[in-house]
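What follows is each chain in one-letter form.
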Amino acid sequence: MTSATVGKLQRIACLALLGALGGCGFHLQGSGSLPPVLAKTYVVSAAPHSDFVSSVTEALRLRGATIVGKDEAGAAQLNVTHDDTGQRVLSVSARNIPREYEVYYSITFSLEVGAQKLIEGETLVVTRNYTYDETQVLAKASEEEILRRALADDLARRVVRRIEGLGAAPALPTAPEQTTPAPPGA
């Protein structure tokens with residue numbers, strides 16, 4: 001084969017791959033779009049400064065939503081009713097010293113627009129494991145905090161993908177249109 005033929009075959013293979021990826025619904029992370037009813041969103045949480053609330057607020061902003069500080073007419077309301085994180089011992093040594101921990105992050109959320117519930121209370125839980133070494137206490141504490149933030153970011157992405165999955169969510173109720181009677185003889 002000549003180099004021109006190989007070049008054409010490579011281009012055709014590349015186009016076929018791109019077509020297959022596009023056909024299966026693949027899109028780059030962060031390139032989704034929110035339903036129009038989430039143009040203004042109010043995030044309600046008992047823990048407004050948690051890692052998850054910070055992450056989901058930032059993720060919504062990046063998708064074009066305006067985050068409002070109070071409940072406004074016409075604003076969607078993302079309710080975070082449960083926001084919990086912690087760790088559990090997974091394994092111990094022969095001397096009963098923890099060797100492995102599991103860090104977890106759990107949230108329950110719902111989404112409503114006006115009186116309409118778009119997402120009823122859904123619970124998501126993510127976990128990660130890490131090994132523990134008592135000779136590196138500061139490093140392991142830092143590792144745990146990094147894992148916690150990563151879990152919060154992961155949950156925020158899952159919530160935003162769930163919201164994007166609503167697609168063209170039902171529009172907000174609007175006031176009935178005012179009509180004027182037609183003049184006689186029209």
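Residues numbered from 1 in each chain as written. Predicted model: local features only at pLDDT ≥ 70, side-chain atom pairs only at ≥ 80, totals over all residues. Heavy atoms only, no water.

Within the element layout of this structure, Arg158 appears in helix α3 (residues 137-164). Arg158 sits in the partly exposed class, given a relative accessible area of 34%. Separated by 102 residues in the primary sequence, Arg158 and Val56 place their C-alpha atoms 9.4 Å from one another. Those residues in contact with Arg158 that sit more than four places away from it in its chain are Leu124, Val125 and Val126. (Helix = DSSP H or I, 4+ residues; strand = E, 2+ residues; numbered from the N terminus. Buried < 20%, exposed > 50% of the residue type's maximum accessible area, 1.4 Å probe, protein only. Contact = heavy atoms within 4.5 Å.)

One finds Phe52, Val56, Leu60, Leu78, Tyr105, Leu111 and Ile163 to be the most contacted residues of the largest nonpolar core, which totals 32 residues. Counting only elements with at least two residues in this core, the list comes to α2 (51-62), β3 (76-92), β4 (98-113), β5 (116-131) and α3. The biggest single contributor to this core is α3, with eight residues. Dropping the residues within four chain positions of it, Leu111 is found in contact with Leu38, Ala76, Gln77, Leu78, Gln116, Lys117, Leu118, Ile119, Ile163 and Leu166. (Core = buried A, V, L, I, M, F, W, Y, C linked by side-chain atoms within 4.5 Å.)

Time to look at the pairing of β5. Direction of pairing for β4 relative to β5: antiparallel, over a ladder of 13 bridges. What sits directly across from Leu111, in β5, is Ile119. Between β4 and β5, which follow one another and run antiparallel, lie two residues, and Gly114 among them has a positive phi close to 65°. (Pairing = 2+ DSSP bridges.)

This next bit is on the sheet that holds β4. Reading across the sheet, the five strands line up as β2-β1-β3-β4-β5 and stay open at both edges, with mixed pairing between neighbours. Because the sheet does not close on itself, it has two edges, and the strands there are β2 (66-68) and β5. Here the average twist between neighbouring strands, direction ignored, is 30°. (Axes fitted to C-alpha atoms, helices over the stretch in contact; angles between N-to-C directions.)

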